[in-house]
Amino acid sequence: MSETAARLRSQNIKRHIGFRLAVVLAIPGYFFAQQIGYKTAENAEQKKTLLLRDFQPQWMLHLSSHPVQRARFPVIDVHQHVNDAMHLEERVAPAVLVKRMDDLNIKAIVILTGMWSEKLEAVLDEMIKPYPDRFIVFTQIDWSRIDDPAFGEEMVRQIDDGVARGARGLKILKDFGLGARYRSGRLLAIDDPRLDVIWDECGRLGIPVAIHTGDPEAFFHPIDGKNERYEELMEHPDWSFYGPQFPSLESLLEARNRVFAKHPKTTFISLHMGWPENLDWVERMLKQYPNVYAEFGAREAELGRQPRRTRRLFLEYQDRILFGTDNGPEEEMYRNNFRWLETADEDFDYWGAPSQGRWKISGLDLPASVLEKIYHVNAERVLRLNSKAK
């Protein structure tokens, strides 16, 4: 075949292919139109049958990661329950725990739930006597006695006894305001004047009151498809405080603020920040009550999803923020918290995710001077641990 004939044949083939392709593209519903569409598929909603528990998406973001194996500065964890009197966490052999603390740069741990009397003494014997510089224990109030006419005075004597034994503070659990009731069924109000002698005594003794009031805001809403903590509340329905039998979250917190205002000589620690979903409210609390510190135990998830607002608060009130975890003292739990505080990493899992909600967190990248205050300097001042923290 001549060169000219070959060229003509090639041109004819190309024209033929182009004609066939044009015909294919012109046929409605042909495979090109089926593969790439611009309208929602029919019956799409009916096809969304995947169970929530089976929805485990893999993030497609390609981000740098900067794990922190050891805290940049010594840490005082002011919110722990390890080896406590209420057995809220799994027991860890004290020597094993201290070795873990050394590896992580944990200077000291505060065991909040020490209870009172012999149970308090048992915690002190196990944790304080062999390691006096590594652990601190708080005492508690016995709410079962609230119907006693002299309840406040009885608790003052109980607190005095606890401090004489070695307790360094008073811990108030969230059942105060939500569960502690008189025999009549009436809830004990947070700002009940019968308790004034207790708060005053803590001020006189110079010990802080670590108080947990309320709970995540979602716990005060219906357990339905609009609740951001739906899965958590399905697993723990007793954590729901929705309904007329419970006070509102805001009313609980405002009652507690009245206690702060009434007892300015007593130092209070607002555990879990107070209202971490509403940092404008937390900021007003810290501004109005100089005798109050805020601690963020178990609220890394809430604060980490609003990193810019959290960072701004931590910078402005850097002398009033305390490091706490309220989780079992696992190495990776602490390292996750260190990463959140020390790095600018974005969109990573909070500790225990997605147990508190289906979102990610980002790091705060706090300055070194602020980190050191939050890690230990502020706690040393509150707990009166040394002369540096005045």
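Scroll up to find the structure.
Remember, it's a predicted structure, so these values are computed and weren't measured experimentally.

(A) Looking closely at the environment of L313. Mapping L313 onto the fold places it in helix α13 (residues 307-316). C-alpha separation for the pair L313 and E283, spaced 30 residues apart in sequence, amounts to 6.9 Å. In this structure, L313 is in contact with M273, L279, V282, E283 and L286, ignoring residues within four places of it in sequence.

(B) Fine view of the sheet that holds strand β4 (residues 139-140). Strand order in the open sheet formed by six strands is β4-β5-β6-β7-β8-β9, with parallel pairing between adjacent strands. The two strands at the open ends of the sheet, each matched to only one other strand, are β4 and β9 (321-322). Note that β4 and strand β5 (residues 170-172) share two bridges and pair parallel. Bridge pairing in β5 links T139 to L170. Packing of helix α10 (residues 249-262) onto the sheet brings it into contact with β6 (209-211), β7 (268-270) and β8 (292-295), and relative to β7 it is tilted by some 155 degrees.

(C) Geometry of the environment of D148. Here D148 lies in the loop between β4 and α6 (151-165). The sequence separation of D148 and Y182 amounts to 34 residues, and the corresponding C-alpha distance is 9.8 Å. Contact partners of D148, with chain neighbours within four places excluded, come to E154 and R194.

(D) Region of the structure containing the layout of surface pockets. Estimates place the volume of the largest pocket at around 1100 Å³. When residues of the lining of the largest pocket are traced back to their parent elements, those giving at least two are α7 (175-178), α9 (230-235), α12 (300-304) and α14 (331-342). Within the lining of the largest pocket, the residues separate by chemical class into 15 nonpolar, 13 polar and 14 charged. Taken as a whole, the second largest pocket encloses approximately 250 Å³ of empty space. Lining the second largest pocket, in full, are F55, Q56, P57, Q58, W59, D349, A353, P354, R358, W359 and K360. Along the lines of polarity and charge, the residues of the lining of the second largest pocket split into six nonpolar, two polar and three charged.

(E) Molecular detail of empty space enclosed by the protein. Using the criterion set out here, one finds one cavity of 30 Å³ or more in the structure. Looking at the largest cavity, its volume works out to about 40 Å³. Taken together, H212, T213, G214, D215, P216, L271, H272, G274, P276 and R299 make up the full set of residues lining the largest cavity.

(F) Local environment of the pattern of salt bridges. Under the criterion given, the structure shown has 28 salt bridges. Note that R358 and E231 form a salt bridge whose closest N and O atoms lie 2.8 Å from each other. Taken together, the residues span a long stretch of sequence, with R358 in the loop between α14 and α15 (368-383) and E231 in helix α9 at a distance of 127 residues. Because the salt bridges share partners, they merge into one network encompassing E228, R229, E232, E302 and R305.

(G) Representation of helix α11 (residues 279-288) in the model. Within the span of α11, buried status applies to L279, W281, V282, M285 and L286. Viewed end-on, α11 has its buried residues packed into an arc of 150 degrees, placing them on one side of the element. Within α11, the exposed residues directed more than 90 degrees away from the buried face are K287 and Q288. Contact partners of the buried residues in α11: α10, β7, β8, α12, α13 and β9.

(H) A look at the pairing of strand β2 (residues 106-111). With five of six residues buried, β2 lies mostly within the body of the structure. Looking at chain direction, strand β1 (residues 75-80) and β2 are connected through four bridges and run parallel. Across the sheet, the residue bridging to Q80 is I111, located in β2. Tracing the backbone out of β1, into helix α4 (residues 94-104) and back to the parallel element β2 gives a crossover that is right-handed.

(I) Highlighting the packing of aromatic side chains. All chains considered together, the criterion is met by 21 aromatic pairs. Between F241 and F246, the aromatic rings sit 5.3 Å apart at their centres with planes inclined by 80 degrees, giving edge-to-face as the arrangement. Assigned by exposure class, F241 and F246 land together as buried. Lying across the ring of F348, R339 places its NZ or CZ 3.9 Å from the centre.

(J) Just the nonpolar core, in detail. Core analysis: the biggest nonpolar cluster contains 91 residues, and I198, W199, F296, F314, F338 and L341 have the highest contact counts within it. Ranked by residues supplied to this core, first place goes to α10 with six residues. In this structure L341 touches F296, F314, F323, L364, D365, L366, L371 and Y375, once residues within four positions along its chain are discounted. With 15 residues, the next largest nonpolar core counts I136, F138, L271 and L322 among its residues.

Basis of the calculations
- Residues numbered from 1 in each chain as written.
- Predicted model: local features only at pLDDT ≥ 70, side-chain atom pairs only at ≥ 80, totals over all residues.
- Heavy atoms only, no water.
- Helix = DSSP H or I, 4+ residues; strand = E, 2+ residues; numbered from the N terminus.
- Contact = heavy atoms within 4.5 Å.
- Pairing = 2+ DSSP bridges.
- Axes fitted to C-alpha atoms, helices over the stretch in contact; angles between N-to-C directions.
- 1 Å grid on protein atoms, 1.4 Å probe; cavity = no way out; pocket = protein on both sides within 12 Å on 5 of 7 lines; lining within 4 Å.
- Points joined across faces, edges and corners; volume = space filled by probe spheres on them.
- Nonpolar A, V, L, I, M, F, W, Y, C, P; charged D, E, K, R; others polar.
- Salt bridge = Lys/Arg side-chain N within 4 Å of Asp/Glu carboxyl O.
- Buried < 20%, exposed > 50% of the residue type's maximum accessible area, 1.4 Å probe, protein only.
- Arc of directions from axis to C-beta.
- Right-handed = clockwise from strand over helix to strand, strands pointing away.
- Phe/Tyr/Trp six-rings, centres within 6.5 Å; stacked < 30°, edge-to-face > 60°.
- Lys NZ or Arg CZ within 6 Å of the ring centre and 35° of its normal.
- Core = buried A, V, L, I, M, F, W, Y, C linked by side-chain atoms within 4.5 Å.

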